[in-house]
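Here are the chains, one letter per residue:
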Amino acid sequence: MSQPDSDATGVQKPTVYQYSFTRGSGQAAERGVETADTAELGHALELLRSTSLHLSLFKIVLTDIDAEQGAMTMQKAFGNRGMFASLAAGGFSLLLIGTDIDSRITNAMTVQAIYASLADLGLRSRLEIAAIHSPAPEIGDPDDILLHLANLPTVQHPFGRAA
């Protein structure tokens, strides 16, 4: 590990750490859950397991629009506030970090963000959603939790209703 460097004024620069990570075993791909972006989501979950952050992981299905419109909706709704991935069976997984408020409020805010995004894009869709809320260390194996999420039954939310 390197020692912090000093700049010309004698102020210590923070140490920059460089990490190298390897992907998981690929078991989720064998089980039909993993897409290219779910591999990245699983990798992010693996990295977050060593933190004390609270995580919310959602399965989101937009039934009346195509996959490209769904991806645009998710990007508009969550942008850099969340990480989303396409699920092989359809729909999206969404990871929100630091959601330690009441899970019902987190769910309602998520649904509301999706509906606002649909409206901004001039789209309408029924929304089906399932959620897992947990501290990061309790998430367990990322491949297993993503498989569990993909198999969770969803609850349908009528258009325009937050939760």
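Residues numbered from 1 in each chain as written. Predicted model: local features only at pLDDT ≥ 70, side-chain atom pairs only at ≥ 80, totals over all residues. Heavy atoms only, no water.

Draft legend 1. Geometry of the overall build of the protein. The helix and strand inventory of the protein stands at five helices and five strands. Start at the N end of the protein and walk to the C end: the helices and strands fall as α-α-β-α-β-β-α-β-α-β. Sorting the 163 residues of the protein into buried and exposed places 37% on the buried side. By sequence separation, contacts in the protein at least 24 residues apart represent 72% of the contacts at least 6 residues apart. With the model as given, the accessible surface of the protein reaches about 9500 Å², and the carbon-plus-sulfur share is 51%. (Helix = DSSP H or I, 4+ residues; strand = E, 2+ residues; numbered from the N terminus. Buried < 20%, exposed > 50% of the residue type's maximum accessible area, 1.4 Å probe, protein only. Contact = heavy atoms within 4.5 Å. Areas by Shrake-Rupley, 256 points an atom, 1.4 Å probe, with all protein chains shown as cover.)

Draft legend 2. The pattern of salt bridges, seen in detail. Going through the model one piece at a time under the given rule, you end up with three salt bridges. The closest approach of N and O atoms between Arg 49 and Glu 46, which form a salt bridge, is 3.3 Å. When its relative accessible area of 31% is taken as the criterion, Arg 49 is described as partly exposed. (Salt bridge = Lys/Arg side-chain N within 4 Å of Asp/Glu carboxyl O.)

Draft legend 3. Looking closely at the pairing of strand β2 (residues 83-86). Of the strand pairs in this sheet, β2 and strand β3 (residues 92-97) are connected by four bridges, and their pairing is antiparallel. Along β3, the bridge assignment pairs Ser 86 with Phe 92. Taking the residues between adjacent antiparallel strands as the criterion, β2 and β3 are bridged by five residues, where Gly 90 takes a positive phi near 105°. (Pairing = 2+ DSSP bridges.)

Draft legend 4. Broad picture of the packing of aromatic side chains. Tallied over the full model, the rule gives one aromatic pair. Centre to centre, the rings of Phe 84 and Phe 92 are 6.0 Å apart; their planes meet at 75°, and the pair counts as edge-to-face. By relative accessible area, Phe 92 is classed as buried at 5%. (Phe/Tyr/Trp six-rings, centres within 6.5 Å; stacked < 30°, edge-to-face > 60°.)

Draft legend 5. Looking closely at the sheet that holds strand β4 (residues 127-135). The strand order β2-β3-β1-β4-β5 describes an open sheet built from five strands, whose pairing is antiparallel. Only two strands of the sheet have a single partner each, and these edge strands are β2 and β5 (155-157). Pairs of neighbouring strands in the sheet enclose a mean axial angle of 30°, with direction left out of account. Against the sheet, helix α3 (residues 67-78) makes contact with β1 (54-62), β2 and β3, and its axis sits at roughly 10° relative to β3, the strand it touches most. Against the sheet, helix α5 (residues 142-151) contacts β1, β3 and β4, and its axis sits at roughly 40° relative to β1. (Axes fitted to C-alpha atoms, helices over the stretch in contact; angles between N-to-C directions.)

Draft legend 6. Representation of the confidence of the model for the protein within the structure. The pLDDT averaged across the protein works out to 77; a share of 74% of its residues lies at or above 70. Note on residues 1-7: pLDDT is under 50 here. Beyond four places in sequence and across chains, it has 13 contacts. Predicted confidence is poor over residues 11-36, with pLDDT under 50, and the contacts of this stretch with residues over four places away or in other chains come to 41 contacts. (pLDDT = per-residue confidence, 0-100.)

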